[in-house]
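So you can see what is in the structure, the chains are spelled out below.
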Amino acid sequence: MQSSAEPRPDPDGRRARPVGRPDGDGAPPTDDGSDPLAWALRRVADRWSLHIVDALLRGPRRFGELAREVAGVAPNILTSRLRTLEADGIVRAARYQERPARFEYALTDAGQELAGALAVLRSWGARQGGDGQHLARHAACGTELELRPFCPTCERAVEDGEELIWM
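Residues numbered from 1 in each chain as written. Predicted model: local features only at pLDDT ≥ 70, side-chain atom pairs only at ≥ 80, totals over all residues. Heavy atoms only, no water.

### Focus on the nonpolar core
Within the largest apolar cluster, 18 residues are counted, with the highest numbers of intra-cluster contacts made by Ile52, Leu56, Leu66, Leu82, Ile90 and Val91. Of all elements in the fold, only helix H2 (49-56), helix H4 (75-87), strand S3 (102-107) and helix H6 (114-128) reach the threshold of two or more residues within this core. The biggest single contributor to this core is H2, with four residues. When neighbours within four sequence positions are excluded, Leu82 is seen to be in contact with Ile52, Phe63, Leu66, Val91 and Tyr105. (Core = buried A, V, L, I, M, F, W, Y, C linked by side-chain atoms within 4.5 Å. Buried < 20%, exposed > 50% of the residue type's maximum accessible area, 1.4 Å probe, protein only. Helix = DSSP H or I, 4+ residues; strand = E, 2+ residues; numbered from the N terminus. Contact = heavy atoms within 4.5 Å.)

In structure tokens, the structure reads:
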């Protein structure tokens, strides 16, 4: 039986990536493209990708800047993740020097969309595994922010217990 931590081939031919934990019956989650969570996890669920995206949310960075901001990442791993994120349309590389070739990296619109997911993950991590000092707070008054779904048509937050429909 294949472990959930073992890479599985991507249906689109790119290198294999781990895809989450098995479901309750021990079978791995479906990976036929119909599960948006599995699709997203194939692109960003490794040790470094979201750290790279987080650093790029503060603006474009050169390789050396990213290596300093993403503490602990080895240069070969950073190179690999940047190439994968670029192939997945999350990061854009712009050459700023020909010889040797050097690039500045920035988030695409799709990469920028991960900001909300990172805010939710950071908030969850601060509550569950942190000391509570890294919670998002309103700069004007210092109150901890609440992160919740918002309906732009109704112009209101979706309340706890209200049904969400994933389409």
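Continuing now.
### Considering helix H1 (residues 36-44)
Among the residues of H1, those classed as buried are Ala38, Arg42, Arg43 and Val44. Considering only its buried residues, H1 is in contact with H2, H4 and H6. Where H1 begins, the side chain of Asp35 points an oxygen toward the backbone nitrogen of Leu37, at a separation of 3.0 Å. (Polar contact = N/O pair within 3.5 Å; in protein donor to acceptor, adjacent residues only side chain to side chain.)

### A look at the layout of surface pockets
Within this model, the largest pocket holds a volume of roughly 470 Å³. Along its surface, the largest pocket is lined by 18 residues, and Ala40, Leu41, Val44, Leu114 and Ala117 are the ones closest to its centre. Those elements giving two or more residues to the lining of the largest pocket turn out to be H1, helix H5 (109-112) and H6. With seven residues, H1 is the single largest residue contributor to the lining of the largest pocket. In terms of residue class, the lining of the largest pocket is made up of 14 nonpolar, two polar and two charged. As a volume, the second largest pocket reaches approximately 320 Å³. Around the second largest pocket sit Asp46, Arg47, Leu50, His51, Asp54, Leu118, Leu121, Arg122, Trp124, Gly125 and Ala126, which together line it. Taken together, the elements giving at least two residues each to the lining of the second largest pocket come down to H2 and H6. At six residues, the largest contribution of residues to the lining of the second largest pocket is made by H6. (1 Å grid on protein atoms, 1.4 Å probe; cavity = no way out; pocket = protein on both sides within 12 Å on 5 of 7 lines; lining within 4 Å. Points joined across faces, edges and corners; volume = space filled by probe spheres on them. Nonpolar A, V, L, I, M, F, W, Y, C, P; charged D, E, K, R; others polar.)

### Brief notes about the pattern of salt bridges
Under the defined criterion, the tally for this structure stands at eleven salt bridges. Notably, a salt bridge pairs Glu162 with Arg156, separated by 3.0 Å at the nearest N-O pair. By relative accessible area, which is 34% here, Glu162 ends up partly exposed. Salt bridges sharing common partners tie together Asp54, Arg58, Arg61, Glu69 and Arg122. (Salt bridge = Lys/Arg side-chain N within 4 Å of Asp/Glu carboxyl O.)

### Focus on the pairing of strand S2 (residues 91-97)
Relative to S3, S2 is paired through six bridges, and the arrangement is antiparallel. Bridged to Arg95 within S3 is Phe103. With antiparallel pairing between neighbouring strands as the criterion, S2 and S3 make up a hairpin whose turn holds four residues. (Pairing = 2+ DSSP bridges.)

### Some thoughts on the packing of aromatic side chains
According to the stated counting rule, one finds one aromatic pair in the structure shown. An angle of 40 degrees between the planes, with centres 6.4 Å apart, marks the rings of Phe103 and Tyr105 as tilted. When its relative accessible area of 25% is taken as the criterion, Phe103 is described as partly exposed. When its relative accessible area of 11% is taken as the criterion, Tyr105 is described as buried. The residue whose ring lies beneath Arg62 is Tyr96, and the NZ or CZ to ring-centre distance is 3.7 Å. (Phe/Tyr/Trp six-rings, centres within 6.5 Å; stacked < 30°, edge-to-face > 60°. Lys NZ or Arg CZ within 6 Å of the ring centre and 35° of its normal.)

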